[in-house]
Amino acid sequence: MREDPSGGGITPSPSDRTAILTDYISPFPDQILDNVLENVLHYLTSRQDRNSASLVCKSWYRAEALTRSDLFIGNCYAVSPRRATERFRRVTAVTLKGKPRFADFNLMPPQWGAHFAPWVNCMGQRYRALEKVCLKRMSVKDDDLELLAHYFPLFKELVLVCCDGFGTSGLAVVANKCRKLRVLDLIDDEVNDDEVDWISFFPVGETCLESLIFDCIEYPINFEALERLVERSPSLKKLRLNRYVSIGQLHRLMTRAPRLTHLGTGSFSPSENVVHGDQEPDYASAFGACGRSLVCLSGFRDIVPEYLPAIYSVCANITSLNFSYANITAEQFTPVVRHCHKLQIFWALDSIRDEGLQAVAATCKDLRELRVFPVDAREDSEGPVSDVGFRAISEGCRKLQSILYFCQRMTNEAVIAMSKNCPDLLVFRLCIMGRRRPDYITKEPMDEGFGAIVKNCKKLTRLAVSGLLTDRAFSYIGQYGTLVRTLSVAFAGDSDMALKYVLEGCPKLQKLEIRDSPFGDSALRSGLQHFYNMRFLWMSSCRLTRQACKEIAQQLPHLVVEVINGNVEEEVKDDFVDILYMYRSLEGPRADVPSFVSIL
């Protein structure tokens, strides 16, 4: 037996598969015991626990499959839709992931694949009771959404994250046909403008809507239709608006939905047709009316800082604040954060500077997650946040569990302080912009800082490294990163030894993504005994040859080895590969291979 690479369960080894499937369809030897077992397994909600349970014996394998209602597929090419739906027959919720994360940084050609079409067609034949679909980095067509609305009469939740290929026509079908729809969340998607007023397609009368998120849609919507929809959705708790909703329109929506718990404000600026001198609504009162229920605030696009005092009344209760679209100064931000004593999640642009982060550290003692994004992502820019704000956070927010931090200036001393002050860190992603930047004070590599993170943060599962790093840093990761499951590397390392340390030393490693690093064939071959235990390996702009990749493919037949030409206009090179993407699969090579991809 071995772990299912889809992340959805455990599958037998090839030698056991025929016997198990034959037994799978035969009557249970003891129906009473099987009924008891199924009732017990219903209480197992963790995927990891269920995977372990399915390994016990054949009857547990069968019972676990029959009792699983929530199916997670971590790679849409790791298992076929047919295999997944034949094994798990009583599924009501499906989560499906497609392209690897580096696709977000334009490192993968857009027509690579990850199509939803074969999945929705197969699920439509077997999962008639399906209620929820969550897709991430998938290619979704309007026809797919139409089939989804047609196949599943009980459908309630659609969540699309970083997806593309669909437009307002598909959204209109979902809104109109899925009469029990509770959740329609569009997060960081690329939505085509088909000039269809999709908001108006929701059924007339009271709706079941609990969550409506469309802040990624980059064109105006029918506000009057949205206002009517909000008014007839008494269960609405989450609403995130796009930049074409003004603060005046936001006020009208808030008066119709005073029980919101999550609010994305839209533009947070007046509309262009406001006449100068007109009496503006009392925004503070509208926020105050939501003060008892509101726990999450986001949006603030095209922000006019003079309107920020309107949110003071709700800041005392909010646990999540997202200012990642608000280009405001520390002076404008500090009066806001001083009210946020319960804050646990905070995202912001680096325009708040070190001074803003110091204010967060002084106030938000319960902070668990911090993300600081750059206003200017150029490598040669002079970033407004540094080790000063970073260290302040570590000293003031000792409960921190996750950090993503973009900066130009960092020191080993500050990173070491973070490792000691915040030992509960699960996620540590430090992005020092600019290639191979050292400790800007001592000019030494950042080895000791990242080494301290993996030594002192015993719970760490996700790590992203940057800056000037030698092989020593990777030896620390290999030695102490015992729980690290995801590792991201860019512009780092001296030689193949760095990657060898990681591949041979991190027993839990599942996802490894590397770009622009000096790792070659020897490093790749060192992972030969470990690749079957990983979900995927991504390497771009390294020093790999096609011959070495072919050798891996020959020695590991159940591993799919894709060589991708990053520039689809160029011919595939015969010597070095541009992008290598390897992943586990029960199905072998996929059928929808584009011309710029070679499967070895």
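Remember, predicted model here, so these are calculated numbers, not experimental data.

## Describing the overall build of the protein
Assigned secondary structure in the protein consists of 21 helices and 23 strands. Per-residue burial over the protein gives 56% buried out of 600 residues. Counting only contacts in the protein whose residues sit at least 6 apart along the sequence, the fraction spanning at least 24 positions is 72%. Accessible surface computed for the protein: about 25300 Å², of which carbon and sulfur atoms make up 49%.

## Some words on helix α19 (residues 496–505)
Residues of α19 that are buried include every one of Ala498, Leu499, Lys500, Val502 and Leu503, and no others. Those residues of α19 that are buried lie in contact with α18 (471–480), β18 (486–490), β19 (511–515), α20 (521–525) and β20 (536–540).

## Some details on the nonpolar core
Residues Phe116, Trp198, Phe287, Ile311, Phe323, Phe346 and Phe428 are the most contacted members of the largest nonpolar core, which totals 181 residues. Beyond its immediate stretch of four places on either side in the chain, phenylalanine 428 contacts Phe390, Ile403, Val415, Met418, Phe450, Ile453, Leu460, Arg462, Leu463 and Ala464.

## Some details on the confidence of the model for the protein
Counting all residues, the mean pLDDT for the protein is 89, and 88% of those residues have values of 70 or more. Here residues 1–28 scores under 50 on pLDDT; set against residues more than four positions off or in separate chains, the count is 75 contacts.

## Looking at the packing of helix α17 (residues 447–456) against α18
Here α17 crosses α18 at 5 degrees, and the two axes come no closer than 8 Å. For the element pair α17 / α18, the angle class is roughly parallel. Contacts between α17 and α18 involve Asp447, Glu448, Gly451, Val454 and Lys455 on the former and, on the latter, Arg472, Ala473, Tyr476, Ile477 and Tyr480. For the contact of α17 with α18, a count of residues per class yields five nonpolar, one polar and four charged.

## Examining helix α6 (residues 117–126)
Buried within α6 we find Trp119, Val120, Cys122, Met123 and Gly124. As for α6, its buried residues are in contact with β3 (70–73), α5 (81–87), β4 (93–97) and α7 (142–151).

## Here's the deal with the packing of helix α15 (residues 387–396) against helix α16 (residues 412–421)
Close contact between α15 and α16 brings their axes to 9 Å; oriented N to C, the two are set at 15 degrees. When the axis of α15 is compared with that of α16, the two are roughly parallel. Judged by the sense of rotation from one axis to the other, the crossing of α15 with α16 is left-handed. Between α15, through Asp387, Phe390, Arg391, Ser394 and Glu395, and α16, the contact on the second element is made entirely by Glu413, Ala414, Val415, Ala417, Met418 and Asn421. Across the contact of α15 with α16, the residue classes tally to five nonpolar, two polar and four charged.

## Points about the packing of aromatic side chains
This model, assessed by the stated rule, comprises 22 aromatic pairs. Look at tyrosine 77 and tryptophan 112: their rings are 5.5 Å apart centre to centre, the planes differ by 85 degrees, and that puts the pair in the edge-to-face class. With a gap of 35 residues between them, tyrosine 77 in the loop between β3 and α5 and tryptophan 112 in the loop between β4 and α6 connect regions that are remote in the sequence. With a relative accessible area of 12%, tyrosine 77 lands in the buried category. Centre to centre, the rings of tyrosine 581 and tyrosine 583 are 5.0 Å apart; their planes meet at 45 degrees, and the pair counts as tilted. Residues tyrosine 581 and tyrosine 583 agree in their burial class; the two are buried. Among the aromatic residues, ring-to-ring pairing joins Tyr77, Phe102, Phe105, Trp112, Phe536, Trp538, Tyr581 and Tyr583 into one connected group.

Rules and cut-offs
- Along each chain, numbering runs from 1 in the same order as the chain's sequence is written.
- It should be noted that, the model being predicted, local features are given only for residues of pLDDT at least 70 and side-chain atom pairs only at 80 or more, the latter also being counted only at that level, while totals for whole chains, interfaces and linings use all residues.
- Only hydrogens and water are set aside when side-chain values are computed; all heavy atoms of the structure are taken into account.
- Labels follow the DSSP assignment, with helices taken as runs of H or I lasting at least four residues and strands as runs of E lasting at least two, numbered in each case from the N terminus.
- Each residue is assigned to one of three classes by its accessible area relative to the maximum for its type, calculated with a 1.4 Å probe on protein chains only: buried under 20%, partly exposed between the two thresholds, exposed over 50%.
- Here a residue-residue contact requires only that any non-hydrogen atoms of the pair lie within 4.5 Å.
- All accessible-area figures derive from a Shrake-Rupley calculation using a 1.4 Å probe, and residue coverage is judged against the displayed protein chains alone.
- Nonpolar cores were defined as sets of buried Ala, Val, Leu, Ile, Met, Phe, Trp, Tyr and Cys residues, with membership established by side-chain atoms within 4.5 Å.
- Every residue is assigned a pLDDT by the predictor, reflecting its confidence on a scale from 0 to 100.
- Note on definitions: angles span 0 to 180 degrees between N-to-C directions of axes, and those axes are lines fitted to C-alpha atoms, for helices only across the stretch in contact.
- Here is the rule for angles: anything less than 35 degrees is roughly parallel, anything more than 145 is roughly antiparallel, 65 through 115 is roughly perpendicular, and the remaining ranges are oblique.
- All amino acids are sorted into three groups, where Ala, Val, Leu, Ile, Met, Phe, Trp, Tyr, Cys and Pro are nonpolar, Asp, Glu, Lys and Arg are charged, and the leftover types, Gly among them, are polar.
- Two helices that cross are described as forming a left-handed crossing if the nearer one is turned anticlockwise from the farther one by less than a right angle, and a right-handed crossing if clockwise.
- Only centres within 6.5 Å qualify two rings of Phe, Tyr or Trp (six-membered ring in Trp) as a pair; their planes then separate them into stacked at under 30 degrees, edge-to-face at over 60, and tilted for everything else.

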